[in-house]
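# Observations on the model geometry
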Amino acid sequence: MNLKLHKPLCIFDLETTGTNIGKDRIVEICILKVNPDASRESKTWKVNPEMPIPLESSQIHGIYDEDVKDAPTFKEIAPKVMEMLAGSDLGGFNSNRFDVPLLAEELLRVGIDFDLSKFRLVDAQTIFHKKEPRNLGAAYQFYCGKTLENAHSAEADVMATFEVLDAQVGKYDDIPNEIGPLSEFTFHNKHADLAGFIGYNEKLEEIFNFGKYKGQCVKVIFQKDLGYFGWLQNADFPLYTKKVFTKIQLSSRF
């Protein structure tokens, strides 16, 4: 194994009802937990999303309403998911932009707090796009010399993603093999939230990445315009973004 792990790394993949982080739901989740001694364990759950799966989504991942009608809801499996993720770093393919934010929404929705500061995130797609811009199937062929069978099956995708990530670390001399610096390498831009609505300025203060206060310090705006915080909480933003806004708003009082 080329990766040098100091704690477990959980590679995970979600199949969902769609791509709207704030509204869509998980229909399948697979987690591959790789330990520092290179031992592995994996778990896959089908999930009843408690909403119809759009046909266009089913045609991509092959999971239809009938397949999950008797599956547990996410609320039922969430404690098991968190138990597996606890104490680990997180990785995936396009995970920083999609899988992590959507998982955070699902966890917050069922009352389980997801604290991004407790996890380091590594996205194999970011490394791939920086080095060899393509998709997971091409990455698997390029780095591993294999054809990806059953693409868009969570289990096939997550197994391939780990092999790609491990092969990337072995291939490039300028790619770190430890999760801390590797996590830094895989971020395009640093955001305070998962969806990219809150950024940082040169002083590492949270700033708005949108709207009439774009580029301005969130804490300062909340001190001057408290009504704006109320509007944000009632608007259609992801739950994790609202959580970050709430934390900033509370700190702005002092």
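These numbers were taken from a predicted model, which means no experiment stands behind them.

Calculation notes
- Residues numbered from 1 in each chain as written.
- Predicted model: local features only at pLDDT ≥ 70, side-chain atom pairs only at ≥ 80, totals over all residues.
- Heavy atoms only, no water.
- Helix = DSSP H or I, 4+ residues; strand = E, 2+ residues; numbered from the N terminus.
- Rg over C-alpha atoms; globule rule 2.2 N^0.38 Å.
- Buried < 20%, exposed > 50% of the residue type's maximum accessible area, 1.4 Å probe, protein only.
- Contact = heavy atoms within 4.5 Å.
- Areas by Shrake-Rupley, 256 points an atom, 1.4 Å probe, with all protein chains shown as cover.
- Expected span 1.5 Å × (residues − 1).
- Pairing = 2+ DSSP bridges.
- Axes fitted to C-alpha atoms, helices over the stretch in contact; angles between N-to-C directions.
- Salt bridge = Lys/Arg side-chain N within 4 Å of Asp/Glu carboxyl O.
- Domains from an automatic or database assignment.
- Buried area = accessible area lost by both parts, 1.4 Å probe.
- Polar contact = N/O pair within 3.5 Å; in protein donor to acceptor, adjacent residues only side chain to side chain.
- Nonpolar A, V, L, I, M, F, W, Y, C, P; charged D, E, K, R; others polar.

### Side note on the overall build of the protein chain
Scanning the protein chain for helices and strands turns up eleven helices and seven strands. Relative to a compact globule of 254 residues, whose C-alpha radius of gyration would be 18 Å, the protein chain shows 19 Å and is just as compact. By residue count, 50% of the 254 residues in the protein chain fall in the buried class. Looking at the protein chain alone, contacts between residues at least 24 apart form 61% of all its contacts between residues at least 6 apart. By element, 48% of the accessible surface of the protein chain is carried by carbon and sulfur atoms, the whole surface being about 12400 Å².

### A word on helix 11 (residues 239-251)
Over its 13 residues, helix 11 extends 19 Å from the first C-alpha to the last, a length consistent with the 18 Å expected when each residue adds 1.5 Å. Those residues of helix 11 that sit buried are Tyr-240, Thr-241, Lys-242, Val-244, Phe-245, Ile-248 and Gln-249. Buried positions along helix 11 lie against helix 4 (95-109), strand 6 (198-200), strand 7 (206-208), helix 9 (218-224) and helix 10 (226-234).

### Some remarks on the side chain of Ser-95
Checked against the element boundaries, Ser-95 lands in helix 4. Those residues in contact with Ser-95 that sit more than four places away from it in its chain are Val-100, Pro-101, Val-122 and Asp-123.

### Digging into the pairing of strand 1 (residues 9-16)
The element strand 1 is extensively covered by neighbouring structure, given that eight of its eight residues are classed as buried. One ladder, built from eight bridges, connects strand 1 with strand 2 (residues 26-34); its direction is antiparallel. When the sheet's bridge partners are listed, Leu-9 is paired in strand 2 with Val-34. Where strand 1 and strand 4 (residues 89-92) come together, three bridges link them in parallel fashion. Along strand 4, the bridge assignment pairs Leu-9 with Asp-89.

### Points about the sheet that holds strand 1
Ordered in space as 3-2-1-4-5, the five strands form an open sheet in which the pairing is mixed. Two strands close off the open sheet at either side, each with one partner strand: strand 3 (40-46) and strand 5 (121-123). When the angles between neighbouring strand axes are averaged without regard to direction, this sheet yields 20°. Sheet topology places strand 4 next to strand 5; three bridges connect them, and they run parallel. Pairing of Leu-90 across the sheet is with Leu-121, part of strand 5. Contacts from helix 4 reach strand 1, strand 2, strand 4 and strand 5, with the element oriented near 80° to strand 1. Of the strands in this sheet, strand 4 and strand 5 are in contact with helix 5 (residues 124-131), which crosses strand 5 at around 45°.

### Remarks on the pattern of salt bridges
Tallying each qualifying case throughout the model produces eleven salt bridges. The salt bridge partner of Glu-106 is Arg-109, with a shortest N-O separation of 2.8 Å. Taken together, the residues span about one helical turn, with Glu-106 and Arg-109 both in helix 4 at a distance of three residues. For the salt bridge of Lys-131 with Asp-174, the shortest nitrogen-to-oxygen distance reads 3.0 Å. With a gap of 43 residues between them, Lys-131 in helix 5 and Asp-174 in the loop between helix 7 (154-171) and helix 8 (179-185) connect regions that are remote in the sequence.

### Description of the domain arrangement of the protein chain
As far as domains go, the protein chain holds domain 1 (9-128), domain 2 (136-186) and domain 3 (198-252). The straight-line distance from the C-alpha centre of domain 1 to that of domain 3 is 27 Å. Of the residues lining the interface, nine residues belong to domain 1; the matching set on domain 3 comes to five residues. Summed over both sides, the interface of domain 1 with domain 3 buries roughly 610 Å², with 59% coming from carbon and sulfur. Of the charged contacts in the structure, one is a salt bridge between Asp-113 and Lys-243, with a shortest N-O distance of 2.4 Å. Connecting domain 1 to domain 3 are five residue pairs in polar contact (both at pLDDT 80 or more). Here the side of domain 1 that touches domain 3 is built from residues that sort into four nonpolar, no polar and five charged.

### Side note on unusual backbone geometry
For residues other than glycine, phi is negative in most cases, and the peptide bonds are mostly trans. Phi is positive for Glu-50, which is not a glycine, with a value near 60°. If you trace the backbone, Glu-50 turns up in the loop between strand 3 and helix 1 (55-61). Assessed through its relative accessible area of 63%, Glu-50 is described here as exposed.

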